[in-house]
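Here is how the chains run, residue by residue.
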Amino acid sequence: MIEFLIYDLKVAVLLAVFYMFYRLMLAHETFHRVNRIVLLLTAVLSFVLPLCVITIHETVTMQRAANVAVGSFQVDMMNEEPATPLWQIVLPILFIIGMVATLVRTLSSLFRIIKIIRHSEQYPQTDGTTICVTGNASLAPFSWMHYIVMNRSDYETSDAAILAHERGHICLHHSWDLLLVDTLTALQWFNPAMWMLRSDLRAIHEYEADAAVLSQGINARQYQYLLITKAAGIGGYSLANGISHSTLKNRINMMLHTKSDRSHLLKLLTLLPIVGIALAVNAEKVVDLRYDEPQKQNTKKSVKGVAEKKAETFETNTAVGTFEPVQGDVFDVVEEMPQYPGGPQALFKFLGENVHYPEEAEKAGIQGRVIATFIVEKDGSISQPTVVKSVDPLLDAEAIRVISAMPNWKPGKQNGKVVRVKYTVPLSFNLDGGGEEIDHLCREDGTIVEIDIEKGDTAIVKPLFIVDGKVMDGKDVYAINPKTIERYYMQNGQEAIDKYGDKARDGVVLITLKKD
């Protein structure tokens, strides 16, 4: 919602700039048709231009280090979602209230018009219009779509000027203009420029209808007197075109105004730099990072034999224990990183349920952390699982097996396009104490390893552990059975210290256990 409000704010700025141009350059000219088009384009372009983003791409190639930083998903799960600022809650609510109120006002006017038309006497005309006669004697004549609404007195008088005026509105399709602008006004209800534009557009409608009357040879003085007489009628229908006193003085002045010289239309050329500046301001430069993979082989022992030995339960075309360069356009960091179905917690659960300790490794007392990479393809499938930090061929093979068994991910995106992205994930194998979940969070001495993916380094910290709302020693946390953990996250910074005291200077790890 905040992104939409930012977009709507850009619309408001553009609308104000375009409207200022109209008021300075064209408002006093007699080019009614041109002015009408300019105002309608002002409304439409103000909403369209912020969506026209000119993107300038710059590709920067960087050499990737041979040592790969430890995985992404722990960091996602160790960081608590920041609290939403109050203004991000209040502003959308206020905007929606204003938008709904404006729409209700417009719809109310529409329903009142429809009600009057439905309950009136209707007389179809040969020109396709329909005259609707109502019993409300104080109602001033107005038009809506192909209907002309008037009271019985005006109908019996059959004043040619009144009919010519309303037919002018109908022939020029002014009702559609009002529908468009009133709808857009609901999205810009807070913007004074939008309301002034709306008012000026209605005035131009009247100028055009007046011109249509005078073009039929009707006496100008008699017509002006008729306007003064009828302007006292009760209207109040925001979507209808009718005679009103609000613009009466301007309408009479416009009738007496000398026709503008056509050379004044050259003022429209000043719109071009305004549009150009709007596009330039909205343009953005995107830096695409591309990494060159190192060509040397990892010195870890190949486990090709192990992979072949377990062929009956695990099939892969990727050599385990080797670091091979990835071919094609593969990104390490993109605007929208790939995501496991259900998010990091679901990935964590999948690994916890599917990683099986190799029997031979368990008997031999082999344990440790295997770090593997894989590529999330454009269709979300997993390819090229590779061990970049080996512990033992048996554990390496199990890590590759589990990664290859993962379902399709939500692919990553760069500049709105689906791209191939390399992802790193650690899998820890421990024979005693905490399992895979706790090992990467809490070590045996009650400390944890914080991982900085961007810098590629780690830091050892000793946070405050709170399990189900109770403070617990880190060594006891290490001994928790990982299968009993529902979720956990880490809270850092001054907020944690203010809430939990100085013991939280290294952060707070909040753990929730599953209910029996």
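Values in this document were obtained by computation on a predicted structure and should not be read as measured data.

How each quantity is defined
Residues numbered from 1 in each chain as written. Predicted model: local features only at pLDDT ≥ 70, side-chain atom pairs only at ≥ 80, totals over all residues. Heavy atoms only, no water. Helix = DSSP H or I, 4+ residues; strand = E, 2+ residues; numbered from the N terminus. Buried < 20%, exposed > 50% of the residue type's maximum accessible area, 1.4 Å probe, protein only. Contact = heavy atoms within 4.5 Å. Areas by Shrake-Rupley, 256 points an atom, 1.4 Å probe, with all protein chains shown as cover. Phe/Tyr/Trp six-rings, centres within 6.5 Å; stacked < 30°, edge-to-face > 60°. Pairing = 2+ DSSP bridges. Expected span 1.5 Å × (residues − 1). Patch = residues over 30% accessible without salt bridge, like charges linked within 9 Å, V, L, I, M, F, W, Y side chains within 5 Å. Salt bridge = Lys/Arg side-chain N within 4 Å of Asp/Glu carboxyl O. pLDDT = per-residue confidence, 0-100. Axes fitted to C-alpha atoms, helices over the stretch in contact; angles between N-to-C directions. Parallel < 35°, antiparallel > 145°, perpendicular 65-115°, else oblique. Left-handed = near helix turned anticlockwise from the far one by under 90°. Polar contact = N/O pair within 3.5 Å; in protein donor to acceptor, adjacent residues only side chain to side chain.

**Regarding the overall build of the chain**
At step 1: Helix and strand counts for the chain stand at 18 helices and 18 strands.
At step 2: For the chain, buried positions account for 46% of its 516 residues.
At step 3: In the chain, once contacts between residues fewer than 6 apart in sequence are set aside, the share between residues at least 24 apart is 75%.
At step 4: Total accessible area on the chain stands at roughly 27,300 Å², and carbon and sulfur atoms take up 56% of it.

**A short note on unusual backbone geometry**
At step 1: Of note in this structure, H173 is not a glycine but carries a positive phi near 55°.
At step 2: With respect to the helices and strands, H173 occurs in the loop between α6 (160-171) and α7 (174-187).
At step 3: Unlike most non-glycine residues, Q384 shows phi in positive territory, near 50°.
At step 4: You can see Q384 is positioned in strand β10 (residues 382-389).
At step 5: Given a relative accessible area of 32%, Q384 falls into the partly exposed group.

**Brief notes about the packing of aromatic side chains**
At step 1: Applying the stated criterion across every chain yields a total of 11 aromatic pairs.
At step 2: Ring geometry for Y123 and Y155: centres 5.0 Å apart, planes at 15°, overall stacked. Of this pair, Y123 sits in strand β2 (residues 121-124) while Y155 sits in helix α5 (residues 152-157), and the two are 32 residues apart along the sequence.
At step 3: Measuring from centroid to centroid gives 5.7 Å for F374 and Y423, while their planes differ by 35°, and the two rings are tilted.

**Here we look at the pairing of strand β15 (residues 464-467)**
At step 1: Burial of β15 is two-sided: the residues L464 and I466 facing one way and the residues F465 and V467 facing the other way are all buried.
At step 2: As judged from the four bridges shared by β15 and strand β18 (residues 508-513), these two strands associate in the parallel manner. Paired with V467 across the bridge in β18 is I511.
At step 3: Pairing between β15 and strand β16 (residues 470-472): three bridges, direction antiparallel. Pairing of I466 across the sheet is with V471, part of β16.

**Thoughts on the environment of M25**
At step 1: Its place among the elements puts M25 in helix α1 (residues 2-25).
At step 2: A C-alpha to C-alpha distance of 9.4 Å links M25 and L265, two positions 240 residues apart in sequence.
At step 3: Those residues in contact with M25 that lie beyond four places of it in its chain are K267 and T270.

**A closer look at α1**
At step 1: Taking 1.5 Å as the rise per residue, α1 with 24 residues should run 34 Å; its terminal C-alpha atoms sit 35 Å apart, in good agreement.
At step 2: Residues of α1 that are buried include every one of L5, Y7, D8, V11, A12, L14, L15, F18, Y19, F21 and Y22, and no others.
At step 3: Considering only its buried residues, α1 is in contact with α2 (32-48), α4 (87-118), α7, α8 (192-214) and α11 (271-282).

**What about a nonpolar patch on the surface?**
At step 1: Side chains of L86, W87, I89, V90, L91, I93, L94 and I97 sit close together on the surface and give an oily, nonpolar patch of about 780 Å² of accessible area.
At step 2: Along the polypeptide, I89 turns up in helix α4.
At step 3: Since its relative accessible area comes to 42%, I89 is described here as partly exposed.

**Let's talk about the confidence of the model for the chain**
At step 1: Per-residue confidence for the chain averages 76 on the pLDDT scale, and 75% of its residues sit at or above 70.
At step 2: Low confidence marks residues 63-81, where pLDDT is under 50. Its contacts with residues over four positions away, or in another chain, come to 65 contacts.
At step 3: Counting contacts from residues 294-327, a segment whose pLDDT is below 50, to residues more than four positions away or on other chains yields 58 contacts.

**Concerning the packing of α2 against α8**
To characterise two packed helices, one gives the angle between the axes of the helices and the distance between these axes.
At step 1: Interaxial distance between α2 and α8 falls to 10 Å at its minimum, and their mutual angle equals 155°. Taken as axis vectors, α2 and α8 run roughly antiparallel relative to one another. Classified by chirality, the crossing of α8 by α2 is left-handed. Across the interface between the two elements, H32, R33, N35, R36, L39, L40, T42 and A43 from α2 touch L197, D200, L201, I204, H205, Y207 and E208 from α8.

**A short note on the pattern of salt bridges**
At step 1: Scanning all chains against the criterion turns up 12 salt bridges.
At step 2: Among the ionic pairs, R401 bridges to E398, the shortest N-O distance being 2.7 Å. With R401 and E398 both in helix α15 (residues 393-404) and three residues apart, this pair spans about one turn of that helix.
At step 3: Through salt bridges with shared partners, a single network forms among R33, R36, D177 and E208.

**So, the side chain of S175**
At step 1: In this fold, S175 is placed in helix α7.
At step 2: Judged by its relative accessible area of 5%, S175 falls in the buried class.
At step 3: One polar contact links the side chain of S175 to the main-chain amide nitrogen of M145, over a distance of 2.8 Å.

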